[in-house]
Amino acid sequence: SDNMITRERYLERIRPLYDVDIIKVIMGPRRSGKSVILSMICDEIDADDDHKIQINLEDLRFDFIKDAKDLDEYVRKQTAMDGKYYLFLDEIQYVKDFAKALASIKATTDCSIFVTGSNSRMLSGELASMITGRTMQFEVLPFSYSESKEYVTMIDGSIPDDFITDYIKLGGYPQRFQMGNESMAHRFLDELYQSVVEKDIRGRHPDIDIDKFKRIASFVLAN
């Protein structure tokens with residue numbers, strides 16, 4: 001939606017690196033706003049659209065990009081003209097051996113690379129082993145209290161009196177503010193949690209006992 005606050009606390013840290021030859025890695029939990037930050041960076045960069053390549057790996061249009069070779073070939077085709085390119089790869093963890101592709105693209109193309117991913121352990125591990133010293137990581141979190149106030153004011157025109165209680169109880173995930181009431185917000189957060197468990201934890205560790213994991217996680221959170 002157009003209702004988006006500028007997440008300046010992140011942009012101001014990444015901005016000095018827009019043209020630096022280092023892979024900018026934006027990590028953080030699902031739905032915390034990484035894709036929005038990526039598109040804000042893309043909008044800020046002063047280059048024509050032909051030199052900005054945006055690939056969202058959760059988008060079915062890019063479903064043909066399965067592994068490092070697919071990604072490398074696609075990017076090569078898109079960067080055939082002269083000039084510097086800006087490459088934006090959203091949810092890179094869906095590409096098998098993505099670090100190999102990034103190393104190859106980085107070595108052969110004049111481009112500034114930005115990637116996001118939900119599974120931060122995997123991202124940092126695989127990138128660190130492949131491209132040591134060539135990456136910089138930025139951890140993105142859901143809205144802080146002040147960002148939440150700014151966002152709700154933008155949507156509703158004002159914030160309720162007991163907003164601090166609401167924030168402590170339900171947190172700062174951007175989409176939850178669009179839910180009509182508290183029970184819908186709870187449902188959204190519950191489904192978000194399930195998708196993190198399924199896509200990021202189980203996706204990374206397929207043989208994990210999910211029931212045991214959930215019981216231990218509940219115990220840890222409750223204490």
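It should be noted that the structure appears before, not after, this text.
Structural notes, computed from the coordinates. (Residues numbered from 1 in each chain as written. Predicted model: local features only at pLDDT ≥ 70, side-chain atom pairs only at ≥ 80, totals over all residues. Heavy atoms only, no water.)

1. A word on the sheet that holds strand β3 (residues 85–90)
In spatial order, the strands read β2-β3-β4-β1-β5; together these five strands make up an open sheet with parallel pairing. Strand pairing shows two members of the sheet lacking a second neighbour, β2 (52–56) and β5 (135–139), which therefore form its edges. For this sheet, the mean inter-axis angle between neighbouring strands, taken without regard to orientation, is 15 degrees. In this structure, β2 lies alongside β3, joined through five bridges in parallel fashion. Among the inter-strand pairings, Ile53 is bridged to a residue of β3, identified as Leu87. Strand contacts of helix α2 (residues 34–44): β1 (23–27), β2, β3 and β4 (111–117), with the helix running at about 170 degrees to β3, the strand carrying the most contacts. (Pairing = 2+ DSSP bridges. Helix = DSSP H or I, 4+ residues; strand = E, 2+ residues; numbered from the N terminus. Axes fitted to C-alpha atoms, helices over the stretch in contact; angles between N-to-C directions. Contact = heavy atoms within 4.5 Å.)

2. Quick word on a nonpolar patch on the surface
The grouping of Ile216, Phe219 and Val220 at the surface amounts to a nonpolar patch, some 330 Å² of accessible area in total. Relative to the helices and strands, Val220 is located in helix α9 (residues 210–222). Classification of Val220 as exposed rests on a relative accessible area of 54%. (Patch = residues over 30% accessible without salt bridge, like charges linked within 9 Å, V, L, I, M, F, W, Y side chains within 5 Å. Areas by Shrake-Rupley, 256 points an atom, 1.4 Å probe, with all protein chains shown as cover. Salt bridge = Lys/Arg side-chain N within 4 Å of Asp/Glu carboxyl O. Buried < 20%, exposed > 50% of the residue type's maximum accessible area, 1.4 Å probe, protein only.)

3. Here we look at the pairing of β4
The buried fraction of β4 amounts to seven of the seven residues, a majority that puts the element mostly inside the structure. Side chains Cys111, Ile113, Val115 and Gly117 project from β4 onto one buried face, and the interleaved Ser112, Phe114 and Thr116 project onto a second face that is buried too. Two elements, β3 and β4, share five bridges in a ladder whose sense is parallel. Considered in β4, the bridge of Leu89 is made with Val115.

4. Considerations on the pattern of salt bridges
All told, the structure shown has 17 salt bridges when counted by the stated rule. One salt bridge in this structure joins Arg7 and Glu147, with 2.9 Å as the shortest N-O distance. Highlighted residues: Arg7 in the segment before α1 (8–14) and Glu147 in helix α6 (residues 145–156), separated in sequence by 140 residues. The pair formed by Arg7 and Glu147 is uniform in burial state, with each residue classed as buried.

5. Some thoughts on the packing of aromatic side chains
Aromatic ring pairs are described here by two measures, namely the spacing of the ring centres and the angle between the planes. Going through the model one piece at a time under the given rule, you end up with 11 aromatic pairs. Pairing Phe143 with Phe177 gives two aromatic rings, centres 6.5 Å apart and planes at 20 degrees, and the pair type is stacked. In this pair, Phe143 is assigned in the loop between β5 and α6 and Phe177 in the loop between α7 (163–170) and α8 (182–204), connecting sequence segments 34 residues apart. For Phe143, a relative accessible area of 2% puts it in the buried group. Their ring planes at 35 degrees and their centres at 6.2 Å tell us that Phe163 and Phe177 sit as a pair that is tilted. Of this pair, Phe163 sits in helix α7 while Phe177 sits in the loop between α7 and α8; the two residues are 14 residues apart in sequence, bridging distant segments of the chain. Grouping residues by exposure puts Phe163 and Phe177 together as buried. A connected cluster of aromatic rings, assembled from ring pairs, spans Phe143, Tyr145, Tyr151, Phe163, Tyr167 and Phe177. Across from the ring centre of Phe114, 4.7 Å away, lies the NZ or CZ of Lys24, which sits over that ring. (Phe/Tyr/Trp six-rings, centres within 6.5 Å; stacked < 30°, edge-to-face > 60°. Lys NZ or Arg CZ within 6 Å of the ring centre and 35° of its normal.)

6. Quick notes on unusual backbone geometry
A positive phi angle, close to 65 degrees, is found at Arg31, a residue other than glycine. You can see Arg31 is positioned in the loop between β1 and α2. Take Arg31: its relative accessible area is 37%, and that puts it in the partly exposed class. The phi dihedral of Asp97 is positive, around 55 degrees, even though this residue is not glycine. Tracing the backbone shows Asp97 in the loop between β3 and α4 (98–108).

7. A short note on the environment of Ile26
By secondary structure assignment, the location of Ile26 is in strand β1. What makes Ile26 buried here is its relative accessible area of 0%. Sequence separation between Ile26 and Met81 is 55 residues, and the spatial gap between their C-alpha atoms is 27 Å. Not counting chain neighbours up to four residues away, the residues in contact with Ile26 comprise Ile14, Lys34, Ile37, Leu38, Ile41, Val115, Thr116, Gly117, Phe138 and Val140.

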